[in-house]
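Listed below are the residues making up each chain.
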Amino acid sequence: QVQLVESGGGLVQAGGSLRLSCAASGRTFSNYAMGWFRQAPGKEREFVAAISRNGGVTYYADNVKGRFTVSRDNAKNTVYLQLNSLRPEDTAVYYCAARTVVTSKTAYEYSYWGQGTQVTVSS
């Protein structure tokens, strides 16, 4: 069992930045590939970014590529999502998720989820 707790969300103006954190506990963090997803009101949960177990491989959704950066610190059992050049359409609840072995862009392939952190971008 892995417990995930996100933090760092908030209200920011368009063009601003935030850094989300996801702290993991319960199992060996480096055994898990990590993903970030988001869900806006009335919309399905969508993939944002993912990172491999050692941080060497990352994936991004096309609509965040070049603006968001995913990273991890296995010594701190934490994965991060740096959000730059934020847009109103980035407004959503952001979730981190964990799965064993390889990364994935598919939400149902992740076994563990955090409770989410709200990001609101004003225009």
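Up top you'll find the structure we're talking about.
About the cut-offs
- Numbering of residues starts from 1 in each chain and follows the order in which that chain's sequence is written.
- Selection of residues for local features in this predicted model requires a pLDDT of at least 70, selection of side-chain atom pairs for listing and counting requires 80 or more, and totals for whole chains, interfaces and linings are taken over all residues.
- To get the side-chain values, take all heavy atoms of the structure and skip hydrogens and water.
- A run of H or I in DSSP counts as a helix once it spans at least four residues, and a run of E counts as a strand once it spans at least two, with each numbered from the N terminus.
- We take the radius of gyration over the C-alpha atoms and set the globule estimate at 2.2 Å times the residue count to the 0.38 power.
- Any residue under 20% of the maximum accessible area for its type is buried, any over 50% is exposed, and the rest in between are partly exposed; the area is computed with a 1.4 Å probe on protein chains only.
- The contact rule is simple, with two residues in contact once any of their heavy atoms fall within 4.5 Å.
- Residue-level accessible areas treat just the shown protein chains as cover; the underlying method is Shrake-Rupley with a 1.4 Å probe.
- Positive: Lys, Arg. Negative: Asp, Glu. His and the chain ends are not part of the count.
- The atoms used to mark charge sites are NZ of Lys, CZ of Arg, CG of Asp and CD of Glu.

Enquirer: So what exactly am I meant to see when it comes to the overall build of the chain here?
Expert: The number of helices and strands found in the chain is zero helices and 11 strands. Reading the secondary structure of the chain in the N-to-C direction produces β-β-β-β-β-β-β-β-β-β-β. Against the 2.2 N^0.38 benchmark of 14 Å for 123 residues, the chain shows a C-alpha radius of gyration of 13 Å, consistent with a compact globule. Based on the C-alpha atoms only, the size of the chain along its principal axes is roughly 40 × 25 × 25 Å. Among the 123 residues that make up the chain, the fraction classed as buried is 45%. Considering only contacts within the chain whose residues lie at least 6 apart along the sequence, 58% involve residues at least 24 apart. A total of about 6,200 Å² of accessible surface is found on the chain, and carbon and sulfur atoms cover 45% of it. Across the chain, the 13 positively charged side chains and the 8 negatively charged ones have centroids separated by 6 Å.

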